[in-house]
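# Secondary and tertiary structure notes
Next come the chains, spelled out residue by residue.
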Number of protein chains: 2
Amino acid sequence: MFTPLFNHIQKFIVLEPSEIDILESHLSISKVKKKEHLLQEGQVCDTLYFILKGFARQYIINSKGSEQTLQFAIENWWITDYLSYHNTTPSHFYIQTVENCELIAIQKSTLESLLIEIPKLERYFRIVSQKSFGAAQMRIKFLFTMSAEERYNHFKKQQPDFVQRVPQYMLASYLDFSAEFMSKIRAGKV
Amino acid sequence: MFTPLFNHIQKFIVLEPSEIDILESHLSISKVKKKEHLLQEGQVCDTLYFILKGFARQYIINSKGSEQTLQFAIENWWITDYLSYHNTTPSHFYIQTVENCELIAIQKSTLESLLIEIPKLERYFRIVSQKSFGAAQMRIKFLFTMSAEERYNHFKKQQPDFVQRVPQYMLASYLDFSAEFMSKIRAGKV
DNA sequence: TGAATTTCTTGAAGTAGTTCAAGTTTTTAA
DNA sequence: TTAAAAACTTGAACTACTTCAAGAAATTCA
């Protein structure tokens, strides 16, 4: 049942059977209904989530009271607020499931013991987070250099299946334009 | 001479004197004049840079041919293109010194041997990159929710000294507005 | 030092998007 | 299976910014 996570880990490091056992003994799977919150703004984030099925998003509520999605996490992605996690400070973000999800939730205390028992995991998380940081830089590049329509087309090309799954207004906010403008782009009225 | 780096590392892990010796034997300091490139678009990035003195920036050239800064790295910060580094793919970015710099450049092969000799460093780089990723998420939040003027005031409040050091047109592009608009914000003509 | 270069400023005209309001379509759940 | 809720569409009016062009100020370095 944890296979997707073990496979993901083994893209970066090699796990001994004994280490897989240790991991299994510490992990558990949660089923979470769509639209449930894994983290609320103001809470201190002390959990990492690995998505097995469904998807989640990180969002904020802007000054006009509307939601803006900063990040999606689909199958085989980690999602959390690392700043709140490391600094033990209140989070600026909400994390919410969008579809019904199966996920592995690892609390800080569990992760810390896992990292002591299997120090190699430090390497796994290092590489994953360095790549995530790289991806965040690319995201900023796209936001800076592309028009709204270009961002939409680029995203659709990179993630054609995901575009079918995600509500348009949510994708619009992720790409930093309004839901109305998304409609016009899709209708070719731009 | 490497003290700023050792201090930075020891914020997150404890180094034995012997480990400091190993580190010292692998590291060297480079002096780089202002406006020199550490990485060019199209090159595969195989080096991490730790800034001791001065500062550098990561930038792109947009479709209109003008430079847009994505990231600054001041004293005690790492800068590199992690995506190019990990995937061995051509970089989308330039990395350039802005002031005369003293920096520690660590090549991939050196870093890999260091990580084998001092596995604890995996933990250091994991925590640093998770926090960087968290900071990148906050940056996207600010870009999404604040007006140009708010972004400028917020940055000035967070980094009052740095605002004095960085050319205004460069900060304007980092905050995602034009140099001309920066002038108007500063003159209170907005 | 002073000429060249880089950086900053200003106003006028333009535009890629937003906001609003109202209606339509699709999905949800009892 | 239907009523309610959520998601999407459309057009008109608006605006936060950009672009352009030209000049002024500051910095660089031969």
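Residues numbered from 1 in each chain as written. Chains lettered and ligands numbered in written order. Predicted model: local features only at pLDDT ≥ 70, side-chain atom pairs only at ≥ 80, totals over all residues. Heavy atoms only, no water.

## Things to note about the interface of chain B and chain A
The partner chain A presents 39 residues to the 39 residues of chain B that form the contact. Summed over both partners, the interface of chain B with chain A buries about 4000 Å², with 66% contributed by carbon and sulfur atoms. Together, B:Gln130, B:Phe133 and B:Phe144 form the three largest contributors to the area buried by chain B at its contact with chain A, with a combined 19%. In this structure, the connection of chain B to chain A is made through eight salt bridges. Taking the shortest distance from any N to any O, the salt bridge between B:Arg123 and A:Glu112 comes out at 3.1 Å. Remark: the boundary between chain B and chain A carries 15 residue pairs in polar contact (both at pLDDT 80 or more). At 21 residues, the largest contribution of residues to the side of chain B that touches chain A is made by helix α5 (residues 120-145) of chain B. (Contact = heavy atoms within 4.5 Å. Buried area = accessible area lost by both parts, 1.4 Å probe. Salt bridge = Lys/Arg side-chain N within 4 Å of Asp/Glu carboxyl O. Polar contact = N/O pair within 3.5 Å; in protein donor to acceptor, adjacent residues only side chain to side chain. Helix = DSSP H or I, 4+ residues; strand = E, 2+ residues; numbered from the N terminus.)

## Some details on the relation of the copies chain B and chain A
Overlaying chain B with chain A gives an RMSD of 0.0 Å, the required rotation being 180° about an axis along which the chain moves by 0.0 Å. Expressed as an axis order, the relation between the two copies is that of a two-fold axis. No C-alpha of chain B approaches the rotation axis more nearly than that of B:Arg126, which lies at 1.9 Å. Of all interface residues in chain B, 100% are interface residues in chain A too; the two copies therefore contact each other through one and the same surface. (Least-squares fit on C-alpha atoms with pLDDT ≥ 70 in both.)

## Comments concerning the protein's contact with DNA strand C
Neighbouring DNA strand C are 17 residues, the closest being A:Phe177, A:Ser178, B:Gln168, B:Ser183 and B:Lys189. Near the protein, meaning within 4 Å, the atoms of DNA strand C are sugar or phosphate in a fraction of 67%, with bases accounting for the rest. Between B:Gln168 and DNA strand C, the recorded distance is 3.0 Å, taken from a backbone N or O atom to a phosphate oxygen. In the environment of DNA strand C, a base nitrogen lies 3.1 Å from a nitrogen or oxygen atom belonging to the side chain of B:Lys184. Mapped onto the surface near DNA strand C, the elements with two or more residues apiece are α9 (179-186) of chain A together with α8 (168-174) and α9 (179-186) of chain B. Among the residues making up the surface near DNA strand C, the classes are represented as six nonpolar, four polar and seven charged. (Near = heavy atom within 4 Å. Nonpolar A, V, L, I, M, F, W, Y, C, P; charged D, E, K, R; others polar.)

## Things to note about the packing of aromatic side chains
Under the definition given, this model contains 28 aromatic pairs over all chains. Measuring from ring centre to ring centre gives 6.0 Å for A:Phe55 and A:Phe72, while their planes differ by 70°; the resulting arrangement is edge-to-face. Of this pair, A:Phe55 sits in the loop between β3 (47-53) and β4 (56-61) while A:Phe72 sits in strand β5 (residues 67-73); the two residues are 17 residues apart in sequence, bridging distant segments of the chain. Overall, the relative accessible area of 11% leaves A:Phe72 in the buried class. Between B:Phe55 and B:Phe162, the aromatic rings sit 4.7 Å apart at their centres with planes inclined by 75°, giving edge-to-face as the arrangement. (Phe/Tyr/Trp six-rings, centres within 6.5 Å; stacked < 30°, edge-to-face > 60°. Buried < 20%, exposed > 50% of the residue type's maximum accessible area, 1.4 Å probe, protein only.)

## Structural notes on the protein's contact with DNA strand D
Not every one of the 18 residues close to DNA strand D is listed here, only the nearest: A:Gln168, A:Ser183, A:Lys189, B:Phe177 and B:Ser178. When atoms of DNA strand D within 4 Å of the protein are split into backbone and base, the sugar-phosphate part holds 67%. Contact distances for DNA strand D include 3.1 Å between a base nitrogen and a side-chain N or O atom of A:Lys184. Interatomic distance of 3.2 Å between a backbone N/O atom of B:Ala148 and a phosphate oxygen of DNA strand D.

## Some remarks on the UniProt feature "domain: Cyclic nucleotide-binding" (unreviewed entry) in chain A
In this numbering, the UniProt entry assigns the feature "domain: Cyclic nucleotide-binding" (unreviewed entry) to residues 11-115 of chain A. Taken end to end, residues 11-115 of chain A has its terminal C-alpha atoms 18 Å apart, with 23% of it in helix and 38% in strand. (UniProt positions renumbered as here; feature names shortened; annotations may be inferred.)

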